[in-house]
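Observations on the model geometry
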Amino acid sequence: VNVGLYYTMDKFKFQLGYGSWNYASQTEHVVEGKVTYTSLLNPFIALHGRVADGIPLKTGLVTVVGITPGYKLGPVDLGFPIAVSADTDGFHGGGSGFGFVSAGISASIPLSKHVVLGAAVTYYHTNDKVIVNPDEDFVTGSASIAVTF
């Protein structure tokens, strides 16, 4: 379950949300906030706080800062997100400090006035002393169809 709201003021976008995820029989509860400034680089700061959980990791905070420069190529919107994170002790099973750096590319194209097709690929380099993963380096991908009304 995810709920949230956002507010735009001039070039600033403020987002606040709550999420509750289930992992088998375990549940994690988070509060997230993000502030973005709309410009050529679209800088942002995001806070992801685990406030209660039934998982074997500590409550705490992940802070992410980054940029998402975007360009339009005909009808296609391109984005090039770059981010770096810092975690509190035990949030991802390890210590505190530098968590990850990531870089990616995203693309979206409108199929109609209310439907957008999207895809993204992101490379991550993680600090294995903070984020306990089998691999320090990995790539994620996504595809989406967004319907607005």
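What comes next is a walk through the structure. Starting from 1, residues in each chain are numbered consecutively following that chain's sequence as written. In keeping with the model being predicted, local features are shown solely for residues with a pLDDT of at least 70 and side-chain atom pairs are shown and tallied solely at 80 or more, while totals for entire chains, interfaces and linings include all residues. Hydrogens and waters are ignored; side-chain quantities use all the structure's heavy atoms.

1. Concerning the overall build of the chain
Just so we agree on the cut-off: Numbering goes from the N terminus for both helices and strands, where a helix is a DSSP run of H or I of at least four residues and a strand is a run of E of at least two. The cut-offs for exposure are 20% and 50% of the maximum accessible area for each residue type, with area from a 1.4 Å probe on protein chains only; residues under the lower value are buried, those over the upper are exposed, and the others partly exposed. Any two residues whose heavy atoms approach within 4.5 Å at even a single point are treated as in contact. Values of accessible area rely on a 1.4 Å probe in the Shrake-Rupley scheme; residue burial ignores everything except the protein chains shown. For the purpose of charge, His is not counted, nor are the chain termini; Lys and Arg are scored as positive and Asp and Glu as negative. We put the charge of a Lys on NZ, of an Arg on CZ, of an Asp on CG and of a Glu on CD.
Of regular secondary structure, the chain possesses zero helices and eleven strands. Within the chain, the fraction of its 149 residues that count as buried is 22%. Excluding contacts between residues fewer than 6 apart, the proportion of contacts in the chain whose partners are at least 24 apart in sequence is 36%. For the chain, the exposed area adds up to about 9,300 Å²; of that, 67% sits on carbon and sulfur atoms. Mean positive and mean negative side-chain charge positions of the chain (8 and 11 charges, respectively) differ by 11 Å.

2. Thoughts on the packing of aromatic side chains
Our working definition: Aromatic contacts are taken between Phe, Tyr and Trp rings whose centres are within 6.5 Å, Trp giving its six-membered ring; a plane angle under 30 degrees counts as stacked, one over 60 as edge-to-face, and the others as tilted. Counting as a charge over the ring demands two things of the Lys NZ or Arg CZ atom: a distance within 6 Å of the ring centre and an angle within 35 degrees of the ring normal.
In total, this model carries five aromatic pairs according to the counting rule given. Residues Tyr71 and Phe80 carry aromatic rings whose centres are separated by 5.9 Å and whose planes lie at 55° to one another, so their mutual orientation is tilted. Its relative accessible area of 43% is what places Tyr71 among the partly exposed residues. Residue Phe80 is classed as partly exposed on the basis of its relative accessible area, which comes to 28%. A cation over a ring is seen here: Lys34 above Phe44, with NZ or CZ 4.6 Å from the ring centre. One cation-aromatic arrangement involves Arg50 over Phe91; the distance from NZ or CZ to the ring centre is 3.8 Å.

3. Side note on a nonpolar patch on the surface
Stated precisely, the cut-off is as follows: Patch criteria: residues need more than 30% relative accessible area and no salt bridge. Like-charged residues are merged within 9 Å; nonpolar side chains of Val, Leu, Ile, Met, Phe, Trp and Tyr are merged within 5 Å. Any carboxyl oxygen of Asp or Glu within 4 Å of a side-chain nitrogen of Lys or Arg constitutes a salt bridge here.
Taken together, the side chains of Val1, Val3, Leu5, Leu16, Tyr18, Val31 and Val51 present a nonpolar region at the surface, about 660 Å² in accessible area. Going through the elements one at a time, strand S1 (2–9) and strand S2 (12–23) are the ones with two or more residues in the nonpolar patch.

4. Here we look at the pattern of salt bridges
By the definition in use, this model includes three salt bridges. Here Asp77 makes a salt bridge to Lys72, at a shortest N to O gap of 3.0 Å. Its relative accessible area of 35% is what places Asp77 among the partly exposed residues.

5. Some remarks on a negative patch on the surface
A cluster of acidic residues, Asp128, Asp135, Glu136 and Asp137, forms a negative patch at the surface. Note that Glu136 resides in the loop between strand S10 (115–126) and strand S11 (137–147).

6. Description of the side chain of Asn42
For clarity, the threshold we go by: Under the rule applied, a polar contact is a pair of N or O atoms within 3.5 Å (in protein, one hydrogen donor and one hydrogen acceptor; residues adjacent in sequence only if both atoms are side-chain atoms).
The residue Asn42 is located in the loop between strand S3 (26–37) and strand S4 (44–53) in this model. Judged by its relative accessible area of 18%, Asn42 is buried. At 3.0 Å, the side chain of Asn42 forms a polar contact with the backbone nitrogen of Ser39. Only 2.8 Å separates the side chain of Asn42 from the backbone oxygen of Thr68, close enough to count as a polar contact.

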